[in-house]
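Structural characterization, general
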Amino acid sequence: PVIYGGVYAYNNDAFYSAVLLLGTWALLERRLVIAGLLMGVGVWTKATNILYVLPFAIWKLWHYRKSPRRILKSSAAFAVPIALMLCANWVYFGSPLTTAYHNIIVRVDHKMTTQSLADSFNEPLGDGLERVLTHKREGLQSKAPLLAFALPGLLLLGWRRDTRFLALIYAAAFAGFL
């Protein structure tokens, strides 16, 4: 590829972001089955998105605690893409818990090979935060400078009483990604 050095950044990020935002919208619009399905697809596209979905799932369980049928329908909708993801992992990698993170295609000495990115999730917290925030090639500071506007937006969202809980959910989801 012509721009192979930055290909990873163009991967599926825009797709799963749109799917998760649509799922969030559906949840807030009380379309729980659609929300469950979209959130499940968001996790299928990138397994670590479960960290984004988890606060919303907790909110859903609390908010709809008197409607177990709605919770069950939404959870079943979420489970469909997750089950498909687990089946695909089993077919492709021999285990439902082995993901594409364990088989990333990389270029080493001008040759294509695979490596596991699972080890990247085992670095010390301080080193990981420094890499995610300030690394020259991988850090948010260089990859997503517009994210700096998210903090004032989050503060504005939290300023209003009716959206304060939503701001807390977004802050928790962002902290999970870090």
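Our subject is the structure listed above.
In what follows, the accompanying structure is described.

Some words on the packing of aromatic side chains
Taken as a whole, this structure holds three aromatic pairs when the rule is applied. Seen from their ring centres, Trp 59 and Tyr 64 are 6.4 Å apart, and the 90 degrees between their planes marks the pair as edge-to-face. A relative accessible area of 5% means that Tyr 64 is categorised as buried. Geometrically, the ring pair formed by Tyr 92 and Phe 93 is tilted, given 6.2 Å between the ring centres and 50 degrees between the ring planes. Relative accessible area serves as the criterion here: at 65%, Tyr 92 is assigned to the exposed category.

Topic: the nonpolar core
In this structure, Leu 20, Leu 27, Met 39, Tyr 52, Val 53 and Phe 56 are the most contacted members of the largest nonpolar core, which totals 18 residues. Secondary-structure elements contributing two or more residues to this core are helix 1 (13–28), helix 2 (32–45), helix 3 (50–63), helix 4 (68–93) and helix 8 (164–177). Apart from residues lying up to four places away in sequence, Leu 20 is in contact with Met 39, Gly 42, Asn 49, Tyr 52 and Val 53.

Conventions used here
Residues numbered from 1 in each chain as written. Predicted model: local features only at pLDDT ≥ 70, side-chain atom pairs only at ≥ 80, totals over all residues. Heavy atoms only, no water. Phe/Tyr/Trp six-rings, centres within 6.5 Å; stacked < 30°, edge-to-face > 60°. Buried < 20%, exposed > 50% of the residue type's maximum accessible area, 1.4 Å probe, protein only. Core = buried A, V, L, I, M, F, W, Y, C linked by side-chain atoms within 4.5 Å. Helix = DSSP H or I, 4+ residues; strand = E, 2+ residues; numbered from the N terminus. Contact = heavy atoms within 4.5 Å.

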